[in-house]
Amino acid sequence: MNYINANDLLPHGLVEELQNYIQGGYVYVPTAQEKRKPWGEASGYRQELKRRNGQITEEYRNGASVDILAEKYCLSVYAIRKIIYQK
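Because the structure is predicted, anything quoted here is derived from the model rather than measured.

Caption draft 1: Inspection of the overall build of the protein at higher detail. Within the protein one finds five helices and zero strands. A compact globule built from 87 residues would reach a C-alpha radius of gyration of about 12 Å, whereas the protein, at 23 Å, exceeds it by more than 25%. Here the C-alpha coordinates of the protein stretch approximately 70 × 20 × 20 Å along the principal axes. The 87 residues of the protein split such that 14% are buried. For the protein, restricting intrachain contacts to residue pairs at least 6 apart in sequence, the fraction spanning at least 24 positions comes to 26%. Entry remark: accessible area of the protein is about 7800 Å², with carbon and sulfur atoms responsible for 51%. Across the protein, the mean location of the 12 positive side-chain charges is 11 Å away from that of the 10 negative side-chain charges.

This is the structure:
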């Protein structure tokens, strides 16, 4: 996250109005609800998990046991079962 000086971004009148509420501090301006991205989309982690889960499912179909997959992917047996039986 980058900090931007309000004087460089906002009109002088708005800066003065903000100073009525906060001076010398940091204000976080969240993204508008309609512009938010779903979890993991911006970082690519969602795709990475989808790829990993596909590998787990494929290995299971090819005969790997749930216990072996749990150890290989550092997940619980319960988590492996959830991945295999989803959908």
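Caption draft 2: Quick look at the packing of helix 3 (residues 45-61) against helix 5 (residues 77-85). Taken N-terminus to C-terminus, the directions of helix 3 and helix 5 make an angle of 90°; their axes are 9 Å apart at the nearest point. Here helix 3 lies roughly perpendicular to helix 5, going by the angle between them. In this structure, helix 3 uses Arg52, Asn53, Ile56, Thr57 and Tyr60 to contact helix 5, whose residues at the interface are Ile80, Ile83, Ile84 and Tyr85.

Caption draft 3: Representation of the packing of aromatic side chains in the model. Within this structure, the stated rule accounts for three aromatic pairs. With a centroid separation of 6.5 Å and an interplanar angle of 80°, the aromatic rings of Tyr60 and Tyr85 are classed as edge-to-face. Of this pair, Tyr60 sits in helix 3 while Tyr85 sits in helix 5, and the two are 25 residues apart along the sequence. Judged by relative accessible area, which is 30%, Tyr60 ranks as partly exposed. Look at Tyr85 and you get exposed, because its relative accessible area is 54%.

Procedures and definitions
- Residues numbered from 1 in each chain as written.
- Predicted model: local features only at pLDDT ≥ 70, side-chain atom pairs only at ≥ 80, totals over all residues.
- Heavy atoms only, no water.
- Helix = DSSP H or I, 4+ residues; strand = E, 2+ residues; numbered from the N terminus.
- Rg over C-alpha atoms; globule rule 2.2 N^0.38 Å.
- Buried < 20%, exposed > 50% of the residue type's maximum accessible area, 1.4 Å probe, protein only.
- Contact = heavy atoms within 4.5 Å.
- Areas by Shrake-Rupley, 256 points an atom, 1.4 Å probe, with all protein chains shown as cover.
- Lys, Arg positive; Asp, Glu negative; His and termini not counted.
- Charge placed at Lys NZ, Arg CZ, Asp CG, Glu CD.
- Axes fitted to C-alpha atoms, helices over the stretch in contact; angles between N-to-C directions.
- Parallel < 35°, antiparallel > 145°, perpendicular 65-115°, else oblique.
- Phe/Tyr/Trp six-rings, centres within 6.5 Å; stacked < 30°, edge-to-face > 60°.

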